[in-house]
Amino acid sequence: MKKIAAASVAALMVGTPVLADLVFPSLSYRTGPYAAGGIPYADGYSDYFTLLNERDGGIGGAAIQVIECETGYNTEKGVECYESTKGQGALVYNPLSTGITYQLIPKATADNIPLYTPGYGRTSAANGKVFSHVFNFPANYWNAASLAVNHLLAENGGDLNGKSVALVYHNSAYGKEPIRTLEGLAEKHGFKLTAIPVDHPGQEQKSQWLQIRREKPDYVLMWGWGVMNQVAIQEAANIRFPMENFVGVWWSGGDHDVAPAGESATGYKAVTFHAVGSDFPVFDDIQKHVVETGKAAGAGDNIGKAIYNRGVYAAMLMAEAVSKAQEIHGTPDITAAMMRDGMEALEITDARMAELGMGGFGPAFSVSCENHGGPGTGAIQQWDGAAGTWSLISEFGGSDMDVIQPLIDADSAAYAAENNIEAGCN
């Protein structure tokens, strides 16, 4: 069931602004076919902010309030959540949906409220000269496509010429995002690409996997979410497709995606832009200050799971952006416009990550007007069904910006032309 802090509930009931200095709306989905991924992310996002309140007294002396609004992964409901919460002092929106993100880009920009879309949303928003209020660091979908292909290259001595790759994708704006990048990479590296759509919500995939069994591609990539991932992994097991040749995007790399298939899922891989597991001091602090005190957003049993970790990581980066905004503007009580400034000036160092109890959890990077997308780095994680754990099987590495950057430039230029935006930096 959706959880909202008591102060938020009271404020919403009487129609007054939330009594908090720093307000973070969470457009969550704890219901519907995508709830299996939405729940751990929302829990991680909320729990990290609760940790800062309980352990540190907030950020820079200012308390934090998280307001959850249930979207059910529905674009219309997501827009309604934005409209109903933006007047309550919202600092930044993390829509957790590419469809919702596309609808909110012009709205949030006009309202001077930043959007944070880590690893999803409109990929070309990495160009801050056009998308002034959208940030998608540390990596985006086109980076993910390249990182997956880089892994296949590493598996084949750097040569994919003559290989065949199938992309099983969610038939939505989200699922279609990597296609143009993969087409460019296929041309560059000489592999054959076949794109196979799966309609929402993805519970029926018999025909798609019969096609894969018939055509026998060397590799399968997947851009799925929610129940689609579970079904695809089980169908792959049913046709005995080699799991080590099956690689998902980071939204297809949750514990809930692989657990239903049991040990049959062993060997399945996914791209990630952060570390896996619970062996980080920050999770000990969450256990002590949040879970054991009864203040967790959920049952407290998702710590260390891939999608929960992603929610924690996103909240940490937003908290660091708040600190930067407070520093820039000399006040703990920042506005959304100030938050945007903090996000654009954000610098994450290895030393700071260690101070936060997250040493090695994610890359060191900085943000600028020219680059709202971060370093575009990632690694490959692999599932061990017997142990019930993900492990990183590669170092964090870069993506092919020779292919990706022209796509970002072209797509952002087209958006600027369509919307009469004069690209540039202040």
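First things first, this report covers the structure right here in the doc. For clarity, every value in this text was computed on a predicted model and none was experimentally measured.

**Points about the overall build of the protein chain**
Working step 1: Broken down by element type, the protein chain carries 15 helices and 13 strands.
Working step 2: Its C-alpha atoms give the protein chain a radius of gyration of 21 Å, within 12% of the compact-globule value 22 Å for 426 residues.
Working step 3: Along the first, second and third principal axes, the C-alpha atoms of the protein chain reach 60 × 50 × 40 Å.
Working step 4: Buried positions account for 57% of the 426 residues belonging to the protein chain.
Working step 5: Excluding contacts between residues fewer than 6 apart, the proportion of contacts in the protein chain whose partners are at least 24 apart in sequence is 71%.
Working step 6: Carbon and sulfur atoms provide 48% of the accessible area of the protein chain, an area that totals close to 15,900 Å².
Working step 7: Where the 27 positive side-chain charges of the protein chain centre and where its 47 negative ones centre are 6 Å apart.

**Side note on empty space enclosed by the protein**
Think of a ball as big as a water molecule: rolled over the atoms, this probe shows where empty space is left.
Working step 1: Tallied over the full model, the rule gives two cavities of 30 Å³ or more.
Working step 2: If you add up the space inside the largest cavity, you get close to 60 Å³.
Working step 3: In terms of lining, the largest cavity is formed by Tyr29, Tyr73, Leu96, Ser97, Thr98, Tyr120, Tyr141, Tyr174, Trp225 and Trp251.
Working step 4: Split into classes, the residues belonging to the lining of the largest cavity amount to eight nonpolar, two polar and no charged.
Working step 5: In this model, the second largest cavity occupies a volume close to 50 Å³.
Working step 6: For the second largest cavity, the full set of lining residues is Ser26, Leu27, Ser28, Tyr41, Ala42, Tyr45, Asn94 and Leu96.
Working step 7: For the lining of the second largest cavity, the secondary structure elements donating two or more residues are strand E1 (22–28) and helix H2 (35–56).
Working step 8: In the lining of the second largest cavity, the residues fall into five nonpolar, three polar and no charged.

Parameters at a glance
Residues numbered from 1 in each chain as written. Predicted model: local features only at pLDDT ≥ 70, side-chain atom pairs only at ≥ 80, totals over all residues. Heavy atoms only, no water. Helix = DSSP H or I, 4+ residues; strand = E, 2+ residues; numbered from the N terminus. Rg over C-alpha atoms; globule rule 2.2 N^0.38 Å. Buried < 20%, exposed > 50% of the residue type's maximum accessible area, 1.4 Å probe, protein only. Contact = heavy atoms within 4.5 Å. Areas by Shrake-Rupley, 256 points an atom, 1.4 Å probe, with all protein chains shown as cover. Lys, Arg positive; Asp, Glu negative; His and termini not counted. Charge placed at Lys NZ, Arg CZ, Asp CG, Glu CD. 1 Å grid on protein atoms, 1.4 Å probe; cavity = no way out; pocket = protein on both sides within 12 Å on 5 of 7 lines; lining within 4 Å. Points joined across faces, edges and corners; volume = space filled by probe spheres on them. Nonpolar A, V, L, I, M, F, W, Y, C, P; charged D, E, K, R; others polar.

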